[in-house]
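The chain contents come next:
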Amino acid sequence: MDLYSGLPYWLIKNQLVNHYNPLKADMQVDVAIIGSGITGALTAHELCRAGIDCAVFDKRMVATGSTAASTSLLQYEIDVPLVDMERLLGTDVAVKAYQASLQAITDIEDVFNEVSYNPDFSRVSSIYLASNKKGRRLLESELVARQQYGLPVTWLDAEALWEKHRLKAPAALKNTEAAQMDCYRAATYLLHYHEQQHGLRVFSPTEIRGYQETKRGYDLVTADGFRIQSRYVVIAAGFEAGYFLPKKVMDLNSTYALISQPVDEDQLWPERSLIWETRKPYFYMRTTSDNRMMIGGADISYKDADRRDRQLRAKVEQLKQQFGKIYPDIPFEVDMAWCGTFSTTKDGLPYIGSWSGKNRMFFALGYGGNGITFSMIAAQVIKHILLGNDDERIKIFGFDRSH
Ligand SMILES: Cc1cc2nc3c(=O)[nH]c(=O)nc-3n(C[C@H](O)[C@H](O)[C@H](O)COP(=O)(O)OP(=O)(O)OC[C@H]3O[C@@H](n4cnc5c(N)ncnc54)[C@H](O)[C@@H]3O)c2cc1C
């Protein structure tokens, strides 16, 4: 599957990391991690720190799947609003999912503090705009629910929005717990760090083409015919994980993103907030450390890569116009644009853990607009399962959740 096309900014900004080699012999490892994107990298980080022997395999150059195309907004707010999730899954699950998502942002920050590296991670405020009167009503009930469960949120009416943020909308929810980063840099650095510090083995490009359960765990076979004997397997294969899944659990969408040329810092909007909206599919925007504006959205359901790519030019115009309506005075010259594929689940939650009866194969599938915070949760949950520790998030994000 083509995960994206066009020029994702992060691949241009950072140098391509291509110093890994494919697997050239049979090998053994305790935990084989399939996928070197942000999910595989965070999982490798958690396992290496816990002293668990692991190795990473990727059929592409490292982290050049969806991770390279990601706009990397980190928000505790999940694509499905808390009030809707409560209706779908019950209050307990919904609130715990939101709390886990909030904690994951701090945990990502901590990961990079631990390895003394900043992948352009910065804390920013997040503004969730009511796109219309219906959106305002949604935000009113969302405010009450979030306040009730101690989630950080404040209300901005139309006047305050204009005064503080130069935004015209019926109302908005704001919180100051959001963040943004460079996800490609984050993933590639973690792999490099643990290769140096803990002897993490990374094989790329190495495609896993076959797998068989054994008494001891799994035998994996690469496209070149080499055999990997592992006790456990972590599927961090992103939207291509379907090959390992007994059943379809997600729907595929196409999404579009673009980045502006740099502008003077004082031309950017107040607080450089993350901005998104209640309309579906939602439009969203952020800034980068080199004073560019990154915007995205205009999602459509995925049929094939050709259809997705054919629409890129029209979608760029659409997104640029949407930006112009929000901040008409900020000049936006498009520098690069790309389209990507991403998955969503009906309840907005990721799938983390093992499929019933397959207790040595763990899935780390962080789907939806919060894919990265979900990757953090998946990495921790899988480490806890391997160490035999309890983690109540298994019930919330596992395959046998009752929804
Ligand atoms: C345009 C866009 C914008 C986004 N914006 C955001 C955002 O703002 N915030 C957010 O949280 N999330 C966002 N996401 C989602 C987020 O980027 C993803 O959830 C995240 O990057 C997924 O990381 P991953 O490591 O699971 O998958 P990937 O990065 O796709 O990595 C999976 C890897 O597995 C490898 N692989 C697959 N099959 C095999 C196999 N058989 N053998 C070996 N290797 C294999 C692939 O080559 C790939 O490198 C966005 C996604 C896109 C496309």
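Residues numbered from 1 in each chain as written. Predicted model: local features only at pLDDT ≥ 70, side-chain atom pairs only at ≥ 80, totals over all residues. Heavy atoms only, no water.

In this model, the second largest pocket occupies a volume close to 280 Å³. If you trace the second largest pocket, you find 15 residues lining it, with L129, K168, E277, R279 and I326 closest to the centre. Of all elements in the fold, only β13 (274-277) and α10 (312-326) reach the threshold of two or more residues within the lining of the second largest pocket. (1 Å grid on protein atoms, 1.4 Å probe; cavity = no way out; pocket = protein on both sides within 12 Å on 5 of 7 lines; lining within 4 Å. Points joined across faces, edges and corners; volume = space filled by probe spheres on them. Helix = DSSP H or I, 4+ residues; strand = E, 2+ residues; numbered from the N terminus.)

Under the counting rule described, the total for this entry stands at 28 salt bridges. In this structure, K59 and E240 form a salt bridge, with 3.1 Å as the shortest nitrogen-oxygen distance. Here K59, found in the loop between β3 (54-57) and α3 (66-69), pairs with E240, found in the loop between β11 (227-235) and β12 (251-260); they are 181 residues apart in sequence, far enough to count as distant. Given the relative accessible area of 35%, K59 is considered partly exposed. Assessed through its relative accessible area of 17%, E240 is described here as buried. (Salt bridge = Lys/Arg side-chain N within 4 Å of Asp/Glu carboxyl O. Buried < 20%, exposed > 50% of the residue type's maximum accessible area, 1.4 Å probe, protein only.)

Neighbouring residues of the ligand: 35 residues in total, closest T39, D58, R60, T67 and L73. The side chain of R60 places a nitrogen or oxygen atom 2.7 Å from an oxygen atom of the ligand. Compared with its free state, where it exposes 1000 Å², the ligand has 96% of that area covered by protein. Contributing elements (two or more residues each) for the shell around the ligand: α2 (38-49), α3 and α11 (371-387). (Near = heavy atom within 4 Å. Polar contact = N/O pair within 3.5 Å; in protein donor to acceptor, adjacent residues only side chain to side chain. Areas by Shrake-Rupley, 256 points an atom, 1.4 Å probe, with all protein chains shown as cover.)

Secondary-structure assignment places N132 in the loop between β5 (122-129) and α6 (133-148). Using a relative accessible area of 35% as the deciding quantity, one classes N132 as partly exposed. Measuring from C-alpha to C-alpha, the distance between N132 and E277 comes to 9.5 Å, with 145 residues separating the pair along the chain.

Our next topic: the domain arrangement of the protein. According to the domain assignment, the protein consists of domain 1 (4-70 + 184-249 + 348-397) and domain 2 (122-180 + 251-344). Put simply, the middle of domain 1 and the middle of domain 2, counted by C-alpha atoms, are 29 Å apart. In this complex, domain 1 contributes 16 residues to the contact, which on the side of domain 2 involves 20 residues. Taken together, both faces of the contact between domain 1 and domain 2 bury some 1400 Å²; the carbon and sulfur share is 59%. Between domain 1 and domain 2 we count one salt bridge in total. Linking K248 and D251 is a salt bridge whose minimum nitrogen-to-oxygen distance equals 3.1 Å. The tally of links between domain 1 and domain 2 comes to three residue pairs in polar contact (both at pLDDT 80 or more). Contributions of two or more residues to the side of domain 1 that touches domain 2 are made by β1 (4-6), α1 (9-13) and α3. The greatest single-element share of the side of domain 1 that touches domain 2, amounting to four residues, is contributed by α1. (Domains from an automatic or database assignment. Contact = heavy atoms within 4.5 Å. Buried area = accessible area lost by both parts, 1.4 Å probe.)

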